[in-house]
Amino acid sequence: MVTSKKNLRTCKKGHQYYKSSDCPVCPICANEEKPNDDFLSTLVAPARRALQGKGITTVRELAMHTEAEIMQLHGMGPSTLPKLHKALASAGLSFKP
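Residues numbered from 1 in each chain as written. Predicted model: local features only at pLDDT ≥ 70, side-chain atom pairs only at ≥ 80, totals over all residues. Heavy atoms only, no water.

### Description of the pairing of strand S2 (residues 16–19)
Where burial is concerned, the two faces of S2 differ: the one with Tyr-17 and Lys-19 is buried and the one with Gln-16 and Tyr-18 is not. Bridge count for strand S1 (residues 7–10) against S2 is 4 bridges, and the pairing is antiparallel. Bridging across to S2, Leu-8 finds its partner in Tyr-18. Hairpin remark: S1 followed by S2, antiparallel, with 5 residues in the connecting loop; positive phi at Gly-14, about 95°. (Buried < 20%, exposed > 50% of the residue type's maximum accessible area, 1.4 Å probe, protein only. Helix = DSSP H or I, 4+ residues; strand = E, 2+ residues; numbered from the N terminus. Pairing = 2+ DSSP bridges.)

### Remarks on the nonpolar core
Formed by 18 residues in total, the largest nonpolar core has its most connected members in Phe-39, Leu-51, Leu-62, Ile-70, Met-76 and Leu-84. Residue assignment for this core shows that the elements contributing at least two residues are helix H2 (45–53), helix H3 (59–62) and helix H5 (80–90). In terms of residue count, the dominant contributor to this core is H5 (4 residues). When residues no more than four places from it in sequence are discounted, the contact partners of Phe-39 are Leu-51, Thr-57, Thr-58, Val-59, Leu-62, Leu-84 and Ala-87. (Core = buried A, V, L, I, M, F, W, Y, C linked by side-chain atoms within 4.5 Å. Contact = heavy atoms within 4.5 Å.)

### Here we look at the environment of Arg-49
Counting through the fold element by element, Arg-49 comes out in helix H2. With 25 residues separating them along the chain, Arg-49 and His-74 place their C-alpha atoms 9.2 Å apart.

### So, H5
What H5 keeps buried is the set Thr-80, Leu-81, Leu-84, Ala-87 and Leu-88. Viewed along the axis of H5, the buried residues span an arc of 125°, placing them on a single side of the element. Exposed residues lying more than 90 degrees from the buried face of H5 are Pro-82, Lys-86, Ala-89 and Ser-90. Structurally, H5 contributes buried residues whose contacts are with H2, H3 and helix H4 (67–71). After H5 finishes, the residue Gly-92 shows a positive phi value of roughly 70°. (Arc of directions from axis to C-beta.)

### Concerning the side chain of Thr-66
Locating Thr-66 in the fold gives a position in the loop between H3 and H4. Assessed through its relative accessible area of 17%, Thr-66 is described here as buried. Those residues in contact with Thr-66 that sit more than four places away from it in its chain are Phe-95, Lys-96 and Pro-97.

### Let's talk about the environment of His-15
Mapped onto the secondary structure, His-15 falls in the loop between S1 and S2. On the basis of relative accessible area, His-15 is assigned to the buried category, the value being 17%. Through-space distance from the C-alpha of His-15 to that of Cys-26 is 7.6 Å; in sequence the pair is 11 residues apart. Beyond its immediate chain neighbours, meaning those up to four positions away, His-15 contacts Arg-9, Thr-10, Cys-26, Ile-28, Cys-29 and Glu-32.

As structure tokens, then:
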């Protein structure tokens, strides 16, 4: 069994947290930034950050992209796609052909 040593880190906002990876994301900041009431709130943080990084914050903006374009974004995984399809369908939209 391989165990990774967790290192104490402090983010720019002063939150202290432990991480064993090189990922620079503060989990406290990520939780504070998580939306509560839109389709992004149903996604895991890496997928949410990938969409937000591309300026996609609404289902209408999501519908302006092809499924292939979205799946190429770093942070998108197979479990994200059904959630995106559901969000689009509930708004009467779909991915760009």
